[in-house]
Amino acid sequence: MKTIEYRNQPADGLSDYMYEVARKDGMTTIYERFAAQQPQCAFGTLGICCTLCTDGPCQITRKADRGVCGASADLIVTRNLLAKCAQGTAANVYHARNVARTLQAVGEGQADYAIKEPEKLRALAAQFDIGGSDLEMARDLGALFIQQINSNDYDPMRLVDVLAPPKRLAVWRKLGIVPGGPNSEVATGLSKTMTNVNNDVLDLLSHCLRMGIANEYAGLFCITVMQEILTGTAKPNEGSVNIGVLDPDAVNVIMHGHQPLLAIKVLEAARKQNWQEKARQAGAKNGLKIYGSLCEGQQIFNIASEYKDVFYGQIGNWIQQELMLATGAVDVLAFDYNCVMPSIAEQFAPKYHTHLISTDKVIRQGGVERLEFEPHTAVDISEAILDRAVTAFGKRGAVNVPTTQQTAIAGFTTESVIGALGGTVQPLIDVIANGSVQGIAALVGCTTVREGESGAHIATLASELIKRNILVIGAGCCSSAMQNAGLMGTDSVKHAGPGLASVCGALGVPPCLSYGSCTDIGKIIATVVAVADALGVDVPDLPVVASAPEYMEQKAVADAFTAVAFGMALHLSPAPPIMGSPLVTRILTQDVESLTGGRVFVEQDPVKAADAIEAHIAAKRGALGLKKS
Ligand code: XCC
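As a convention, each chain's residues are numbered from 1 in the sequence order in which they are written. Side-chain atom pairs in this predicted model are given and counted only at pLDDT of 80 or more, local residue features only at pLDDT of at least 70, and totals for whole chains, interfaces and linings cover all residues. With hydrogens and water set aside, each side-chain value is computed from the structure's full complement of heavy atoms.

**Remarks on the domain arrangement of the protein chain**
Here is step 1 of the chain: Segmentation of the chain into domains, including their bounds, is taken from an automatic or database domain assignment. If you check the domain split of the protein chain, you get domain 1 (13–59), domain 2 (73–231), domain 3 (237–393) and domain 4 (412–623).
Here is step 2 of the chain: One C-alpha centre belongs to domain 1, the other to domain 2; they are set 33 Å apart.
Here is step 3 of the chain: Every residue pair with non-hydrogen atoms within 4.5 Å of one another is taken to be in contact. The interface is formed by seven residues belonging to domain 1 together with eight residues belonging to domain 2.
Here is step 4 of the chain: Throughout, buried area stands for the accessible area (probe radius 1.4 Å) lost by two parts on being put together, summed over both. When domain 1 packs against domain 2, the two sides together hide about 510 Å² of surface, and 70% of this comes from carbon and sulfur.
Here is step 5 of the chain: Should a side-chain nitrogen of Lys or Arg be within 4 Å of a carboxyl oxygen of Asp or Glu, the pair is scored as a salt bridge. Linking domain 1 with domain 2 are zero salt bridges.
Here is step 6 of the chain: Here a polar contact means two N or O atoms within 3.5 Å. Within protein one must be a hydrogen donor candidate and the other an acceptor candidate, and residues neighboring in sequence count only if both atoms are side-chain atoms. Summed over the shared surface of domain 1 and domain 2, the number is two residue pairs in polar contact (both at pLDDT 80 or more).
Here is step 7 of the chain: For the side of domain 1 that touches domain 2, the class distribution of residues is six nonpolar, one polar and no charged. The nonpolar class holds Ala, Val, Leu, Ile, Met, Phe, Trp, Tyr, Cys and Pro. Asp, Glu, Lys and Arg form the charged class, and all remaining residues, Gly among them, are polar.

And the structure:
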């Protein structure tokens, strides 16, 4: 694989091609907007700007070591961080609540969905002593998750009690960070961030850990397991990736965002002959095709084995969305919540004919048609989406799609990894123990356009790790960056070190395994816990590292506290806005390790980050008495 040059432009060739097209068309993209923001505010970058009251905004400077109210740098940094963590937790839990509501509606006979994985439903219901028919279990389990999400923070969450690994639960109990209901935890946390309420940095950071645990069980785990019950469990499959997959001769619909339930109905509708016929009559000789982008695309890709006749690929990640539209070949972009740039509705869709549809009630974007998802309206909305796409096809202007085709394998999950290993996690433990695989690095989260990143940081870090025989698991836009860089394809084994290459070659899997979207991080934690359980150790003892190599937004902050609460070492780049407080920096990079076993480290150079990850893995291997490489 060619070494990627760092610059503030797209990291992969196809995006670069589309970037040139957009620029020639006179469009301003995320890259120019980023450049126009430079130099960015150093106080904001360090987390030492407080805008809470009208005596401010206050910044901590050489001449002012406190804000007007007396707040120190430590307090300002921590309050800002807690507010971000609360937003991220609330957003993941919002998604989970939508899925729980659909599961409940299925049980009540009020939804356009059926139960796809009855075994999974029954197993989960049994954990909560819920019995009855499958429909009754769906109804009661959905209701239980909603009740847990909305329960009070003074009642420890039953989800945590039942689902958490006992060793972790003991640690959390000792620290007093077993959370109650996440919405209540968020509300209490935000109350603590008010002006002059809570000056206790340790308490505020503990609250972040509580939200991190709630984020896992009432957010990430909940989303994945309930979606799998409704749409099927991820299975490894090969598919097309990146912008070149768009077909100029088809009516093209992209499902974009994070919540894939509606997309499944769109795929089913697109299968109907009448829609394929209508598309052909409109002049699209290849009919109508559905694609996914961002985390929604990753989730569709996970279960795409069943939809190969209508699902044509995963288009790209956060920083590619304007470039997708610049092809002129996107007839409908339908999006649910999170990660739609305002420039899409205001500039790119009008320029490139794309009909935009928002499908979740939290979204309001000017000029965008709203068809808001309800469990019982999904089929009708899907038909409307296809109708708008056929109409929009007739309004196309110039079309410019890069011709390079790329493929990747996706659809890994704890079950499929264990399945590929012959039904137990033991073979993975054996290859870790004998040193063929040194350890596991989970590369998760977003992409950013910050200099030197733009997907390149992720690709370079992943390449460095697999060269060193460290198995990479990807989720979120990180997976997309690795897919675009050719690190998740069938022939990507050639980039791995000899030990990892022989293991992956024998199993027929790439050295970088996509677990799906950023909401699938819960599945990565499940795999890590499965390995720890099989070894009889706790998560912090494992040769495992988490990394958000191009961390961007609030959900990543919540997920970061989830990782630290679980006792994982977490690499972050760029630096989170905590560096203005030496105390908070020290707590999160050092002191917290003696409490949860987890810690954060920041490294903006991907090769040095790989060195640090390798060193952490080597130390953990040494402590477990495992063979050195
Ligand atoms: Fe981040 Fe989800 Fe957005 Fe991508 S899409 S930029 S939140 S990783 Ni999920």
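**Quick word on the site of the ligand**
Here is step 1 of the chain: Taken together, 13 residues lie near the ligand, and His258, Cys295, Cys339, Cys446 and Cys477 sit nearest.
Here is step 2 of the chain: If you count residues domain by domain, the shell around the ligand takes at least three from each of domain 3 (237–393) and domain 4 (412–623). One heavy atom within 4 Å of a molecule or strand makes the whole residue count as near it.

**Side note on the coordination of the nickel atom of the ligand**
Here is step 1 of the chain: A donor here means any N, O or S atom no more than 2.8 Å from the metal (3.2 Å for Na, K and Ca); water is not included, so a site may seem to lack partners. Protein coordination at the nickel atom of the ligand comes from His258 (NE2) and Cys295 (SG), with a distance range of 2.0 to 2.3 Å. With a gap of 37 residues between them, His258 in the loop between strand S4 (251–256) and helix H11 (261–270) and Cys295 in helix H13 (residues 294–302) connect regions that are remote in the sequence.
Here is step 2 of the chain: You can call Cys295 buried: its relative accessible area is 2%. Under the scheme used here, helices are H or I runs from DSSP no shorter than 4 residues and strands are E runs no shorter than 2 residues, and both carry numbers assigned from the N terminus. Only protein chains enter the accessibility calculation, which uses a 1.4 Å probe; a residue whose area is less than 20% of its type maximum is buried, one above 50% is exposed, and one in between is partly exposed.

**Describing the sheet that holds strand S13 (residues 512–516)**
Here is step 1 of the chain: Strand pairing is assigned whenever DSSP detects at least two bridges linking the two strands. Strand order across the open sheet formed by six strands is S13-S12-S11-S14-S15-S16, with parallel pairing between neighbours. Only two strands of the sheet have a single neighbouring strand rather than two, namely S13 and strand S16 (599–602). Each adjacent strand pair in this sheet contributes to an overall mean axis angle of 25°, direction not counted.
Here is step 2 of the chain: When strand S12 (residues 470–475) meets S13, the two strands line up parallel, connected through four bridges. Bridging across to S13, Ile473 finds its partner in Leu513. For every element, the axis is a line fit to its C-alpha atoms; helices are fit only across the contacting stretch, and the angle between N-to-C directions ranges from 0 to 180 degrees.

**As for the pairing of strand S8 (residues 355–358)**
Here is step 1 of the chain: As defined by bridge partners, strand S7 (residues 332–335) adjoins S8 across four bridges and the pair is classed as parallel. The residue of S8 that forms the bridge with Phe335 is Ser358.
Here is step 2 of the chain: Assessed by its sense of winding, the connection that carries the chain from S7 through helix H15 (residues 342–351) to S8 is right-handed.
Here is step 3 of the chain: Here two bridges tie S8 to strand S9 (residues 369–370), and the two strands are oriented parallel to one another. Residue pairing across strands places Ser358 opposite Arg370, the latter belonging to S9. Note on handedness: a crossover is taken as right-handed if, strands pointing away from the viewer, the path from the first strand over the helix to the second is clockwise.

**Structural notes on the nonpolar core**
Here is step 1 of the chain: The term nonpolar core refers to a set of buried residues drawn from Ala, Val, Leu, Ile, Met, Phe, Trp, Tyr and Cys, joined through side-chain atoms within 4.5 Å. Core analysis: the largest hydrophobic core is formed by 181 residues, its most contacted members being Leu141, Trp172, Met255, Ile385, Leu386 and Met482.
Here is step 2 of the chain: Considering each element in turn, this core owes the most residues, 17 residues, to helix H10 (residues 201–231).
Here is step 3 of the chain: With residues near it in sequence (within four places) discarded, Trp172 still touches Val160, Ala164, Ile177, Val178, Ile213, Tyr217, Ala565 and Phe566.
Here is step 4 of the chain: Core analysis: the next-biggest nonpolar cluster, separate from the first, contains 39 residues, Ile254, Ala329, Leu333 and Val401 among them.

**A word on the side chain of Gln298**
Here is step 1 of the chain: Summarising the element assignment, Gln298 is placed in helix H13.
Here is step 2 of the chain: Residues in contact with Gln298, not counting those within four places in the same chain, are Gln314, Gly476, Ser479, Ser480, Gln483, Ser514, Gly516 and Ser517.

**Things to note about empty space enclosed by the protein**
Here is step 1 of the chain: Using a grid of 1 Å spacing that covers the protein atoms alone, one calls a set of points a cavity when a 1.4 Å probe fits there but cannot get out, and a pocket when the set is open and has protein on both sides within 12 Å along at least five of seven lines; lining residues are those with an atom within 4 Å of a point. Grid points are joined across faces, edges and corners, and a volume is the space filled by probe spheres set on the points. Scanning the entire structure with this criterion turns up six cavities of 30 Å³ or more.
Here is step 2 of the chain: Estimated volume of the largest cavity: approximately 360 Å³.
Here is step 3 of the chain: What lines the largest cavity is a set of 29 residues, among which Ala556, Asp559, Ala560, Leu570 and Leu572 lie closest to the centre.
Here is step 4 of the chain: Residue assignment for the lining of the largest cavity shows that the elements contributing at least two residues are strand S11 (439–444), helix H22 (521–535), strand S14 (544–548), helix H23 (554–565) and strand S15 (569–572).
Here is step 5 of the chain: The greatest single-element share of the lining of the largest cavity, amounting to eight residues, is contributed by H23.
Here is step 6 of the chain: Of the residues that constitute the lining of the largest cavity, the class distribution is 25 nonpolar, one polar and three charged.

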